[in-house]
Amino acid sequence: MSRRYFGTDGVRGRVGHAPITPDFVMRLGYAAGRVLVATEHLPAGEHPAVLIGKDTRVSGYMLEAALEAGFAAAGVDTMLAKVVPTPAVAYLTRALRLQAGVVISASHNPFEDNGIKFFSARGTKLPDEVELQIEALLDEPMGCMESSRLGKARRIEDAPGRYIEFCKSTFPTELDLRGLKIALDCAHGAAYSIAPKVFHELGAEVVCVGCSPNGMNINDGVGATAPASLSEAVRTYGADIGIALDGDADRLMMCDASGRIYDGDELLYVIAGQRLREGRLNGVVGTLMTNLALEHALNEMGVGLARAKVGDRYVLETLHRQGWRLGGENSGHIIDLDRHTTGDGIVAALQVLAALRSQDMSLDQACSRLTLYPQKLVNVKLRPGFDWSKAPIIDQTRIEVEGELAQRGRVLLRPSGTEPLLRVMVEGQDAAEVGRLATRLAEVVKSAMAA
């Protein structure tokens, strides 16, 4: 059965347009609730329960109410965590022994978008087969349990505090952040009131940017997808290091005291080096987008790299298949299974800081032996109905570009899992050549669409 609504990271789209409408989201909650009722074997009279968290988008309130109604109609209790990061929902679902967790967020997308994603009782993304069961039920008319079996709702007032303590517990007890000045950019998103407390309570002086959400400014020129804002803040406030999260705080970028930005590949390298020194690293999982330089650097350390499809769910699947514990994407999703069941920007930042503190190094020193190859990514907006994979001119041009690169680089064309975009990536040793070839290939895609 093919997917109609679920992408690589739940259901996502423009608010007010299918599928992100109140009626659909209520039906989604009802369908998900029916799957839970059917699969969970609880004591008589006990309802399945789910946790719902959201980011700071103004539409979150509307969608939260719709989800709550759908779950209640299916006989599922809801626990409302209010505004918390996506990984907080994964953690709290597991800690509270609930049957599922739901996040209302469109992650790094603009505020006009929103989405729904689910976590299992173990704090991991729902298996494909469960998502397909939910999709199948969406075609059926929505019903309602009899009044005596309806679900109830209540707020979890201490959800942020519980998650703050969890994050702090992932940092080595013998270390602290005293004497460190951190510029922290929360993208006006879900971590705005949580992340500053985590780093402050570990001893750091914290300067906040992107911590004043108004419901419509999430990811707007700030956060991990716009790290120039963090770089400027580091220089302005004379910070030792900068940390930028995205709207739902599951991805991370950092910068050093000079304002130089470090992506997920470089941060993964720092964590991997520390785990290797501790004797706790068998291998690392990256993606098709992982820079060749990281693969070569890991190989020099005697560490293998396995490449998964792009998307944190595929990184996680590959980690489980390989029996490894550490993986991530250059976009800043870092999964550390020694610390959490899912990607977590705050936890990943703490692991980088732990590596730096344990070696008494700065971020630039820790990455001094890794120089990433130039990589040019061009996002081409796809028009509805256009199948880029069946356009001969695109495939022909890709072959020509690969021929020009020879063994000095690589080409990757892949559709986004969350937006109507084709990502055109060229990587090689010469920046000018990489830029020229990426632009050429992207223009061919645009021309093929116009034709």
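What counts as what
- Residues numbered from 1 in each chain as written.
- Predicted model: local features only at pLDDT ≥ 70, side-chain atom pairs only at ≥ 80, totals over all residues.
- Heavy atoms only, no water.
- Helix = DSSP H or I, 4+ residues; strand = E, 2+ residues; numbered from the N terminus.
- Buried < 20%, exposed > 50% of the residue type's maximum accessible area, 1.4 Å probe, protein only.
- Contact = heavy atoms within 4.5 Å.
- Expected span 1.5 Å × (residues − 1).
- Salt bridge = Lys/Arg side-chain N within 4 Å of Asp/Glu carboxyl O.
- Core = buried A, V, L, I, M, F, W, Y, C linked by side-chain atoms within 4.5 Å.
- Disulfide = S-S within 2.5 Å.
- Arc of directions from axis to C-beta.
- Pairing = 2+ DSSP bridges.
- Axes fitted to C-alpha atoms, helices over the stretch in contact; angles between N-to-C directions.
- Parallel < 35°, antiparallel > 145°, perpendicular 65-115°, else oblique.
- Left-handed = near helix turned anticlockwise from the far one by under 90°.
- Nonpolar A, V, L, I, M, F, W, Y, C, P; charged D, E, K, R; others polar.

### Considering the side chain of Lys54
Residue placement: Lys54 occurs in strand β2 (residues 49-54). For Lys54, a relative accessible area of 3% corresponds to the buried category. Non-local contacts of Lys54, meaning those with residues more than four positions away in its chain, are made with Gly60, Tyr61, Glu64, Lys82, Val83, Val84, Ile104 and Ala190.

### With respect to helix α2 (residues 59-73)
The terminal C-alpha atoms of α2, which comprises 15 residues, lie 22 Å apart, in line with the 21 Å expected from a rise of 1.5 Å per residue. Within α2, burial applies to Ser59, Gly60, Leu63, Glu64, Ala66, Leu67, Gly70, Phe71, Ala72 and Ala73. Buried positions along α2 lie against α1 (22-39), β2, β3 (77-83), β4 (100-104), β5 (113-120) and β6 (153-155). Positive phi appears at Gly75, one or two residues downstream of α2, with a value of about 85 degrees.

### As for the pattern of salt bridges
Where side chains of opposite charge bring their charged atoms close, a pairing between them can arise. Throughout the structure, instances matching the rule amount to 37 salt bridges. As a salt-bridge pair, Lys125 and Asp9 come within 3.0 Å of each other at their nearest N and O atoms. With Lys125 in the loop between β5 and α4 (128-137) and Asp9 in the segment before β1 (11-14), this pair connects stretches of sequence that are 116 residues apart. Note on accessibility: Lys125 and Asp9 belong to one class, buried. For Asp248, the salt bridge goes to Lys117, with nearest N and O atoms at 2.9 Å.

### Here's the deal with the nonpolar core
Ile182, Phe199, Ile243, Ile346, Leu353 and Leu363 are the most contacted members of the largest nonpolar core, which totals 70 residues. Excluding residues that lie within four positions of it along the chain, Leu353 makes contacts with Phe171, Leu177, Leu180, Ile182, Phe199, Ile241, Ile243 and Met254. By size, the runner-up hydrophobic cluster in this structure holds 30 residues, among which are Ala31, Val50, Leu80 and Val102.

### Looking at the state of the cysteines
All chains considered together, the criterion is met by 0 disulfides. Counting only cysteine sulfurs, Cys211 is the nearest neighbor of Cys186, a cysteine outside any disulfide, at a range of 3.7 Å. Owing to a relative accessible area of 0%, Cys186 belongs among the buried residues under this scheme. The structure places no disulfide on Cys255, whose sulfur is separated from the nearest cysteine sulfur, that of Cys367, by 12 Å.

### Things to note about helix α13 (residues 392-405)
Compared with the 20 Å implied by 1.5 Å per residue over 14 residues, the 20 Å span of α13 between its first and last C-alpha is a close match. Those residues of α13 that fall on the buried side of the exposure criterion are Ile394, Thr397, Val401 and Leu405. With its buried residues spanning 80 degrees around the axis, α13 presents them on a single face. Exposed and facing more than 90 degrees away from the buried side of α13 are Pro392 and Gly403. Among the structural elements, β17 (409-415), β18 (421-428) and α14 (431-450) are those in contact with the buried residues of α13. A positive backbone phi angle near 55 degrees is found at Ala406, which sits one or two residues after α13.

### Some words on the sheet that holds strand β10 (residues 252-256)
In space, the 5 strands of this open sheet follow the order β8-β7-β9-β10-β11, with mixed pairing throughout. Looking along the sheet, the strands with just one partner apiece sit at the ends: β8 (205-209) and β11 (261-262). Inspection of the sheet shows strand β7 (residues 181-185) paired to β8 by 5 bridges, in the parallel sense. Bridge assignment links Lys181 to a residue of β8, and that residue is Glu205.

### Details of the packing of α1 against α4
Packing of α1 against α4 brings their axes to within 8 Å, and their N-to-C directions diverge by 120 degrees. Compared by their axis directions, α1 and α4 come out oblique. Of the two possible hands of crossing, α1 and α4 adopt the one that is right-handed. The segment α1 lies against α4, with Leu28, Ala31, Ala32, Arg34, Val35 and Thr39 engaging Val130, Gln133, Ile134 and Leu137. Tallied by class, residues from the contact of α1 with α4 come to 7 nonpolar, 2 polar and 1 charged.

### What to know about the packing of helix α3 (residues 86-95) against helix α5 (residues 159-169)
Orientation of α3 relative to α5, taken along the N-to-C sense of each, is 90 degrees, at an axis distance of 10 Å. In this view, α3 runs roughly perpendicular relative to α5, as classed from their interaxial angle. Of the residues in α5, those in contact with Pro87, Ala88, Tyr91 and Leu92 of α3 are Ala159, Arg162, Tyr163 and Phe166. Considering only residue class, the contact of α3 with α5 consists of 7 nonpolar, no polar and 1 charged.

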